[in-house]
Amino acid sequence: MSEYTPKERLIRVMNGEKVDRMPAVCVTQTGTVDQMEAVNTFWPEANYDAAQLAALAEAGHTVVGFEAIRVPFDITAEAEFFGCEIKDGTKVQQPSVIKHVVNSLDDLKPFEGYDVTDSSKRTSVVLESIKILADKYGEELPIIGSMIGPFSLAQHITGDSWFMDIMTKEEYGLEIMEFTTEFSIKYALAQVDNGASVFSIIDPTASYSLIGADFYAKFVVPFHQKLIDALHERGVPAVLHICGDTTEGLALMETCGVDAISIDQNVNAATAVSKVEKTLIVGNLDPVNCLWNTDVANVKAESERVLKELDGKGLLAPGCGIVSQTPTENLQAMIEAAKNWTY
């Protein structure tokens, strides 16, 4: 019998404590068509109903075998909260933001006094789904809450001008970041109140390679630090995922105090481990060219390669969100490889 529950094991690992073996988890999107068909619950409907959202998230554990349950599946509920127009997803595709709402600081005024628990908003659906899952599994399994990070939320609400804005309108950019970070903290802590015991911050456009070290240090690090400090005050460890080749930015990313950094397939895992002092590295099997488009034998081989590169200083996981058509058996091959790694 194991000495640890899955919840204890993951939290101990993220806190830098010793455990018996590697947890088998995914900190990015977990939904697949196989799971949808197994529990008769499908996108896009599951994104808008708490019971369905919980049921499909649960399938990541009951059908696939992950030792954690993560919600939600997309990163648009936050922009939708502020009135951005959303293109609805399909059975195989997640929703996306197609219209933005903020062109000046005056456009923030109508949002004063907002409530992340507002029952008319999709954020409340996510919160309710976490409570459903925590009531059922919270003692045994880690419930991983998640949301888009404050920098990418800023880009969602302002549009593609955001990248030029931070370079030419510093005061405006910093005010927007204060606004989105305040929201992020309120929403994250509401998820914790409902039972999230680990937190995943998905900030895809907060890319060191995209905006450079100086802008990352000014517009990302201090705001990530505020969010992570708020989570740590509640005893909740956090993982940060940023897409692309983050290799040269990892040391700077670590300064926000995050417990783990999720890297994608463009980063060499061994190099990532060497770039950080104590932060856990999570990743980084290619979601497309390994987990989706190959077979079990290749997933096993790639898993062993990444495990060797991590050298006990990280968690084996997908390098980004799982592709919805990914076969269950491929995910299970990754899971078994993780579970067989002993410290």
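Residues numbered from 1 in each chain as written. Predicted model: local features only at pLDDT ≥ 70, side-chain atom pairs only at ≥ 80, totals over all residues. Heavy atoms only, no water.

**Examining the packing of helix α6 (residues 150-158) against helix α8 (residues 170-193)**
In step 1: Two elements in contact, α6 and α8, have axes separated by 9 Å at closest approach and are oriented at 115 degrees. Taken together, α6 and α8 sit at an angle that is classed as roughly perpendicular. α6 and α8 meet at a crossing whose hand is right-handed. Residues P150, F151, L153, A154, I157 and T158 of α6 form the contact with α8, whose own contacting residues are Y172, I176, M177, F179, T180, T181, F183 and S184. (Axes fitted to C-alpha atoms, helices over the stretch in contact; angles between N-to-C directions. Helix = DSSP H or I, 4+ residues; strand = E, 2+ residues; numbered from the N terminus. Parallel < 35°, antiparallel > 145°, perpendicular 65-115°, else oblique. Left-handed = near helix turned anticlockwise from the far one by under 90°. Contact = heavy atoms within 4.5 Å.)

**A short note on the packing of helix α9 (residues 208-219) against helix α10 (residues 221-233)**
In step 1: Between α9 and α10, the shortest axis-to-axis distance is 3 Å and the interhelical angle comes to 35 degrees. Packed against α9, whose contacting residues are Y216, A217, K218 and F219, the element α10 presents V221, P222, F223 and H224 at the interface.
In step 2: For the contact of α9 with α10, a count of residues per class yields six nonpolar, one polar and one charged. (Nonpolar A, V, L, I, M, F, W, Y, C, P; charged D, E, K, R; others polar.)

**Considerations on the sheet that holds strand β5 (residues 198-202)**
In step 1: Reading across from one edge, β1-β4-β5-β6-β7-β8-β9 is the order of the seven strands in this open sheet, with parallel pairing throughout. Because the sheet does not close on itself, it has two edges, and the strands there are β1 (69-70) and β9 (314-318).
In step 2: Note that β5 and strand β6 (residues 238-241) share four bridges and pair parallel. By the bridge assignment, I201 is partnered in β6 with L240. (Pairing = 2+ DSSP bridges.)

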